[in-house]
Amino acid sequence: MKQLMLICSGLHAMIALLFGAGALFLVAIAARMGWHAAGGEFGLSAAQEVIEAIGILAAAVVALQIAETIIEEEVVRDADISAPTRVRRFLSRFFVVVVVALAIEGLVATFRAVHDDAEDLLYVAALIAGVGVLLASWGIFIHLNRSAEELEPAAMEQAQAEDHKVQP
């Protein structure tokens, strides 16, 4: 069983490395778009290109955050995420980044729709409403999970004790 767990840790590390590589590639693409926008005329098209580059950077942050979470939770801590505290902390890291990235993407889409095709504003509104639903769902999850944590104070103490493995 220990060998299987070691293999799983290795696979998690490889997946995290691929997420990190994807994030670096997205950063390079966004930098190229920003450089292209800066090299042209400063105007509406340059602003839209920069805003799109920001959207790509938001996706890079998501990929990098996922890589970091996988490394910290599955490789460094080698944690079992069955405890409510661990689940809440693990999912919260993803939700923060995903909600922020989707909100930024909604902003990018709003600028694009306002300047290119106003009919797309309906889709943008649906995206922003979806972000609101995700945020509300996350709040409900945290509230319900926190109640479960109160039933298992030892799990909370254990999760906090493991934090020293990833903090400088």
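Residues numbered from 1 in each chain as written. Predicted model: local features only at pLDDT ≥ 70, side-chain atom pairs only at ≥ 80, totals over all residues. Heavy atoms only, no water.

**Student:** Where do I start with the overall build of the protein in this structure?
**Tutor:** Broken down by element type, the protein carries 5 helices and 0 strands. Shown N-terminal to C-terminal, the secondary structure of the protein runs as helices and strands in the order α-α-α-α-α. The buried share of the protein, taken over its 168 residues, is 30%. Across the protein, contacts joining residues at least 24 apart in sequence account for 72% of those joining residues at least 6 apart. Looking at the protein as shown, the accessible area adds up to about 10700 Å², and 71% of this sits on carbon and sulfur atoms. (Helix = DSSP H or I, 4+ residues; strand = E, 2+ residues; numbered from the N terminus. Buried < 20%, exposed > 50% of the residue type's maximum accessible area, 1.4 Å probe, protein only. Contact = heavy atoms within 4.5 Å. Areas by Shrake-Rupley, 256 points an atom, 1.4 Å probe, with all protein chains shown as cover.)

**Student:** Please explain the environment of Ala46 as it appears in this structure.
**Tutor:** With respect to the helices and strands, the residue Ala46 is situated in helix α2 (residues 44-76). A relative accessible area of 10% means that Ala46 is categorised as buried. Among all residues touching Ala46, those that are not within four sequence positions of it are Ala37 and Glu41.

**Student:** In this structure, what is going on with the side chain of Gln48? I would like to understand it.
**Tutor:** Locating Gln48 in the fold gives a position in helix α2. The exposure class assigned to Gln48 is buried, which follows from its relative accessible area of 14%. The residues touching Gln48, leaving out its near neighbours within four places in the chain, are Phe111, Arg112, His115 and Asp116.

**Student:** Is there a simple way to explain a negative patch on the surface in this structure?
**Tutor:** A cluster of acidic residues, Asp116, Asp117, Glu119 and Asp120, forms a negative patch at the surface. Among the structural elements, Asp120 can be located in the loop between α3 (84-115) and α4 (121-151). (Patch = residues over 30% accessible without salt bridge, like charges linked within 9 Å, V, L, I, M, F, W, Y side chains within 5 Å. Salt bridge = Lys/Arg side-chain N within 4 Å of Asp/Glu carboxyl O. Lys, Arg positive; Asp, Glu negative; His and termini not counted. Charge placed at Lys NZ, Arg CZ, Asp CG, Glu CD.)

**Student:** Quick question: what am I supposed to make of the packing of helix α1 (residues 2-39) against α2 here?
**Tutor:** Angle between the axes and distance between the axes: these two values describe a pair of packed helices. Relative orientation of the contacting elements α1 and α2 amounts to 165 degrees, with a least axis distance of 8 Å. Of the possible angle classes, the one that applies to α1 and α2 is roughly antiparallel. Crossing handedness for the pair α1 and α2: left-handed. Residues that form the contact of α1 with α2 fall into these classes: 25 nonpolar, 5 polar and 3 charged. (Axes fitted to C-alpha atoms, helices over the stretch in contact; angles between N-to-C directions. Parallel < 35°, antiparallel > 145°, perpendicular 65-115°, else oblique. Left-handed = near helix turned anticlockwise from the far one by under 90°. Nonpolar A, V, L, I, M, F, W, Y, C, P; charged D, E, K, R; others polar.)

**Student:** Help me out: how do you make sense of empty space enclosed by the protein in this one?
**Tutor:** Applying the stated rule across the entire model yields 1 cavity of 30 Å³ or more. If you add up the space inside the largest cavity, you get close to 30 Å³. Around the largest cavity, the lining residues are Gln48, Ile51, Glu52, Val108, Phe111 and Arg112. Among the elements of the structure, α2 and α3 are those that each provide at least two residues to the lining of the largest cavity. Of the residues assigned to the lining of the largest cavity, the class counts are 3 nonpolar, 1 polar and 2 charged. (1 Å grid on protein atoms, 1.4 Å probe; cavity = no way out; pocket = protein on both sides within 12 Å on 5 of 7 lines; lining within 4 Å. Points joined across faces, edges and corners; volume = space filled by probe spheres on them.)

**Student:** How should I be thinking about α1 in this particular structure?
**Tutor:** Since one α-helical turn is 3.6 residues long, residues separated by three or four positions face the same way. Its 38 residues give α1 an end-to-end C-alpha distance of 55 Å, which sits within 8% of 56 Å, the value for a rise of 1.5 Å per residue. Restricting attention to buried positions, one finds in α1 the residues Ser9, Ala16, Gly20, Ala23, Ala30, Met33 and Ala37. Close packing links the buried residues of α1 with α2. (Expected span 1.5 Å × (residues − 1).)

**Student:** Explain the packing of aromatic side chains here, please?
**Tutor:** Where two aromatic rings form a pair, the distance of their centres and the angle of their planes describe that pair. In this structure the tally under the stated criterion is 1 aromatic pair. Seen from their ring centres, Phe95 and Trp138 are 6.2 Å apart, and the 10 degrees between their planes marks the pair as stacked. Taken together, the residues Phe95 in helix α3 and Trp138 in helix α4 connect sequence positions 43 residues apart. (Phe/Tyr/Trp six-rings, centres within 6.5 Å; stacked < 30°, edge-to-face > 60°.)

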